[in-house]
Every structure is written in C-alpha cells, then in structure tokens.
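# Per-entry structural report
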Amino acid sequence: MLIEFARRRLPFMVESAKKYGDIVFFKVGNERIYLFNHPDLIRDVLVTNQKNFTKSRALDRAKRVLGEGLLTSEGDFHLRQRRLAQPAFHRDRIAAYGRSMVEYADRARSSWSDGRSVNLHDEMMRLTLAIVAKTLFSADVEKESTEIGEALTTTFDAFNLGILPFSELLEKLPLPYIKRFEAARARLDKTIYRIIDEHRATGEDTGDLLSMLLLAQDTEGDGGGMTDVQVRDEAMTIFLAGHETTANALSWTWYLLSQHPEIESRFHREVDALGGRLPRPEDLARLPFTRMILAESMRLYPPAWAVGRRAINEFVAGGYSIPARSMVLMSQYITHRDPRFHPDPERFDPERWLPEMAAMRPKFSYFPFGGGTRVCIGEQFGWMEGILILATIAQKWRFRFLGSAPPEVDPKITLRPAGGLSMRIERR
Ligand code: HEM
C-alpha cells in the first residue's frame, strides 16, 4: 500500500473508490485511512460533525513555511485568526482587488504576440503571483517579485512534499534540501517583515490585504490585534494558497476551451458583449456563462483535489464504526466525476451549472473550495479573479493546444497539468 500510495496516489484512490464504493479503508504503515466518496459522508465530516476533526498531522511540515496561518492552525486560535482576516475578504475589498486583477491580466495580454508558443501554465502562474503580490502587499513588492518568486519556488517544492495527507510517512527530506529550503524561507521572511515594518510605520490603510491584517482588532474576542509573527504567517499562507490554485483553474479552463470550439464561441460572444472595453468587477453579473465554464472546469480539474481530516473521537459513518485518530480523505477529483451526481462525468458541459440543474445535486457532490468553518476564505477572490482574467484575455486571444495527447494530471498540492501546457497564442 505504501508503495502504491506513494507512486500513484490519485489513480490508486480513483480505482479503489470504483472498486469498493462510498467508504474505502486501507492502511499505510500504522495509519488507518478512510476514503469517503459520498456527498453526505463528506458533509458530515466537513460540516455536521466538524468539531470531531482536526486537520491532518501532515500539515506539520507545511507549518515550517506557513507557521500558524489560517490553513494550518486549529481550534480557538484558528477561529480568532479567521475573524481577524475576514474583513480583508469583504465584498467591497474583493471588488477593489478586482481592478488590479484586470490591470495585470491586461499587462499579460499586451506582452503576447500572435502565433507564439508558450507554456500557458507558467504564464498563468506568473499572472496570479503578480496579482496576489499586488493585492496582498501593494505595489512596493513588485521590485522584489523575482526574489520572492525564487524563494517561493523552493518553499513550494517543500510544500508539495508536505501538504498532502501522510506525506510525512512517505518522504524523508534529505539534508541539502532542508538547507535550501531554510535559506529560501529566511529570504522570504526578511522581505515580508520589512514590508510589515513599512506598513506599521505609516499606520495607514493602503487598501491591500496586509494593511487590513495589521489593522484588524478582535472586537468579538480579546480586543487585540495580530503580532508581526501572526501577520507574517497569514500573509505567507495567503500568498501560497492564493495563486497556484487559481492558476491551475485557469490553465485547465483554457485547455478545455481549446478542445470545445462551440463552447468557446459562446464564451467569446458573452465577452464581446462588453463592447471591447476592459472588464470591471461589476461585470461579473454580465458574465454568467464564463462563470459556468469556470465551475465546470473546476469540476473536472479541481485545483484542490483532496482534503484530509483526522478524527478526534470514534464516530459512525455509513454504518461503520471509525476509530479515533483515523484519517479521513475526501477527494474532489473523485466525487466531481461520480456519475451518480454528474451524469456522463467526463464530458465538459457548462450547462450543468444552470442554476436549476445545479440545485438538483447534493451540495457536497461539488466542493472545490471545501466546506464548513475551514471553507476557503479566498473563494470569492478566486471566482472574481478567474472570471475577470478569462474575460480580459479572451477579448484579444485564444489558445490552441500543441500537445499530441491530452495533458495528464499531476496531483501535487494542487492539480497541475503534467509538464505544463504547451499552447499557441492566436489573435482573435
Ligand atoms: C480556484 C481557487 C481556489 C481553490 C480551488 C481553493 C481551494 C481551497 C480549499 C479546498 C480549501 C480548504 C482546505 C481544507 O479544508 O483542508 C482552501 C482553504 C483556504 N484557501 Fe483557498 N482556494 C482557492 C483560492 C484561494 C485564494 C485566492 C486565496 C487567498 C487570496 C485562498 C486562501 C485560502 C486560505 C487562507 C485557506 C484556509 C482557510 C481556513 O482554514 O480558515 N484560496 N482553499
């Protein structure tokens, strides 16, 4: 199991779900692992009985990068931090960030030329990284973005090993790797603490996420704010959680559009109805088909492809008694392709997201952003970013897939297209 699981984690999970159904049990070393493949079971873990679960121990390694940020912290501390961070993700704020999203998408589209071949996944990563740097820290950081980018790449690699459930059982970091990682983290910390100092010195709300985190006071709780270390942890978390996910969603969407010309034409008609001016945050209501395309793309290729929880106490699921300390795994990739909830699951069909169609499905048959108190805090940010980038770029360009076979999925922290995405840029 250990070898199977290490080598081919996702196919192993997909096959065992097909073979054994809604609850699959297996052991990896001493770990008792339960894979839950039914929306009701998933709802019970993420929502109904969420108090009986913690995030998995695998996150311990992620803590080396993220400290006690929202993604990795637990219990009352997590609740307090979530309350403090929430205003930074308020609707009005997201709309303001939306203007930066369009500005950066416009810059990216202006840098391309007709007929050029690119690794579109790299382009999307660069774009979403620039956006999160801008919205999180304001313009100051742009001059350092290369340095931050490099430090992040190293920390990301460590994160790949660290974030998935049980990776600590599977991988032992070799020493040179740890050294490289520590150096990268130190560089990243230096930059972030300097930016925090600059923000604290002015004490102003500069409109970015960081100043919101610095100004936040826990009025419902102890009345205090965040220390520099806490702000650093949250900033790092948002930095990491906030761009690779969206970049993947975008990459897969461009790929799917390139394979479905009729859907692509309808998408173009919707985008063109904006009359050629740059999209604005308030245009989201005028881009319902674009939203449906993105939703359907995240069904087939959910950027977060699995979440894990550890049971505190014994509990009962589907008539089985599950012992305390068991790991529960829930995979968006598997549930989103379950024919009981998504008929003809391999077909890319944005019409599934017409409100009346979507309303007929159980809630947790689709959970790209998770659920319960640990639901993604950046969900609205992610939708806004995805839709505005798609619309802005599609006003000028379409992409044609250059690979000879469909791209394979590479399930790291997020579901990447294996080997990137080789695309030719074509002027519309
Ligand atoms: C398409 C884009 C995105 C997807 C699919 C996504 C997915 C997720 C999922 C599934 C979780 C829950 C993990 C779990 O339950 O174990 C999560 C949590 C989180 N996400 Fe996202 N995310 C996206 C974009 C973003 C963005 C743009 C940000 C920030 C700007 C962000 C910040 C976070 C944070 C801070 C958490 C931890 C929340 C908590 O536990 O309180 N995400 N995300």
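These notes cover the structure that comes with them. (Residues numbered from 1 in each chain as written. Predicted model: local features only at pLDDT ≥ 70, side-chain atom pairs only at ≥ 80, totals over all residues. Heavy atoms only, no water.)

## Digging into the overall build of the protein
Rules: Numbering goes from the N terminus for both helices and strands, where a helix is a DSSP run of H or I of at least four residues and a strand is a run of E of at least two. Think of it in three bands: residues with accessible area under 20% of the maximum for their type are buried, residues over 50% are exposed, and the middle band is partly exposed, with areas taken using a 1.4 Å probe on protein chains only. Throughout, a contact is declared for two residues whenever any of their heavy atoms are within 4.5 Å. For every accessible area listed, the method is Shrake-Rupley and the probe measures 1.4 Å; residues are considered covered only by the protein chains on display.
The number of helices and strands found in the protein is 18 helices and twelve strands. Looking at the protein residue by residue over its 428 residues, the buried ones come to 56%. Pairs at least 24 residues apart make up 75% of the contacts formed inside the protein by residues separated by at least 6 positions. If you sum the accessible surface of the protein, you get close to 18400 Å²; carbon and sulfur atoms cover 53% of it.

## Some details on helix 13 (residues 244-259)
We apply this condition: Expected span of a helix: the number of residues minus one, times 1.5 Å.
With 16 residues, helix 13 should reach 22 Å at 1.5 Å per residue; the first-to-last C-alpha distance of 23 Å fits that figure. Along helix 13, 14 of the 16 residues are buried, which leaves the element largely enclosed by surrounding structure.

## Observations regarding the pattern of salt bridges
Cut-off, in case you're wondering: Salt bridges are defined as contacts in which a side-chain nitrogen from Lys or Arg sits within 4 Å of a carboxyl oxygen from Asp or Glu.
Inspection of every chain in the model, using the stated rule, returns 31 salt bridges. Across the pair Arg340 and Asp22 runs a salt bridge, and its minimum N-O distance is 2.9 Å. Note that Arg340 is positioned in the loop between helix 16 (332-336) and helix 17 (355-358) and Asp22 in the loop between helix 2 (9-20) and strand 1 (23-28), a separation of 318 residues in sequence. For Arg340, a relative accessible area of 49% translates into the label partly exposed. With a shortest N-O distance of 3.0 Å, Glu31 and Arg310 are connected by a salt bridge. Within this pair, whereas Glu31 is found in strand 2 (residues 31-36), its partner Arg310 is found in strand 5 (residues 307-311), the two being separated by 279 residues in sequence. Given a relative accessible area of 7%, Glu31 falls into the buried group. Salt bridges sharing common partners tie together Asp22, Asp338 and Arg340.

## Considering the site of the ligand
Under the convention used in this document: If even one non-hydrogen atom of a residue comes within 4 Å of a molecule or strand, that residue is called near it. By the criterion applied in these results, polar contacts are pairs of N or O atoms within 3.5 Å in which, for protein atoms, one can donate a hydrogen and the other can accept it, and in which residues neighboring in sequence qualify only through two side-chain atoms. When residue character is reported, Ala, Val, Leu, Ile, Met, Phe, Trp, Tyr, Cys and Pro are called nonpolar, Asp, Glu, Lys and Arg charged, and the others, Gly included, polar.
In the vicinity of the ligand lie 27 residues, with His78, Arg82, Arg309, Arg374 and Cys376 positioned nearest. Between the ligand and Lys55, the relevant distance is 3.1 Å, taken from an oxygen atom to a side-chain nitrogen or oxygen of the residue. Take His78: an N or O atom from its side chain is 2.6 Å from an oxygen atom of the ligand. Listed by contribution, the elements that provide at least two residues to the shell around the ligand are helix 5 (75-85), helix 12 (228-241), helix 13 and strand 5. If one sorts the elements of the shell around the ligand by residue count, helix 12 sits on top with three residues. Each residue belonging to the shell around the ligand can be placed in one class, and the counts come to 15 nonpolar, eight polar and four charged.

## Section: the sheet that holds strand 12 (residues 422-427)
The strands making up a sheet associate through backbone hydrogen bonding, with each pair oriented either parallel or antiparallel. Formally: At least two DSSP bridges between two strands are needed for those strands to be called paired. With axes taken as lines fitted to C-alpha atoms, and helix axes fitted only over the stretch in contact, angles between N-to-C directions fall between 0 and 180 degrees.
Read across the sheet, three strands follow the order 4-12-9 without closing on themselves; strand pairing throughout is antiparallel. Looking along the sheet, the strands with just one partner apiece sit at the ends: strand 4 (117-119) and strand 9 (397-401). The mean inter-strand angle of the sheet, taken between neighbouring strand axes irrespective of direction, is 40 degrees.

## Focus: the sheet that holds strand 1
Pairing is mixed across the open sheet formed by five strands, whose spatial order is 1-2-8-5-3. The sheet terminates laterally at strand 1 and strand 3 (53-55), the two strands that pair on one side only. The mean inter-strand angle of the sheet, taken between neighbouring strand axes irrespective of direction, is 30 degrees. Bridging between strand 5 and strand 8 (residues 327-330) involves four bridges; their strand directions are antiparallel. Pairing of Arg310 across the sheet is with Met327, part of strand 8. Against the sheet, helix 2 makes contact with strand 1, strand 2 and strand 8, and its axis sits at roughly 135 degrees relative to strand 1, the strand it touches most. The sheet strands contacting helix 3 (residues 39-48) are strand 1, strand 2, strand 3, strand 5 and strand 8, and the helix crosses strand 8 at an angle near 120 degrees.

## Some words on the environment of Val132
With respect to the secondary-structure elements, Val132 resides in helix 7 (residues 120-137). We classify Val132 as buried; its relative accessible area is 1%. Distance in space between the C-alpha atoms of Val132 and Ser100 is 9.5 Å, their sequence separation being 32 residues. In contact with Val132, other than residues within four places in its own chain, are Phe137, Ile238, Phe239, Gly242 and His243.

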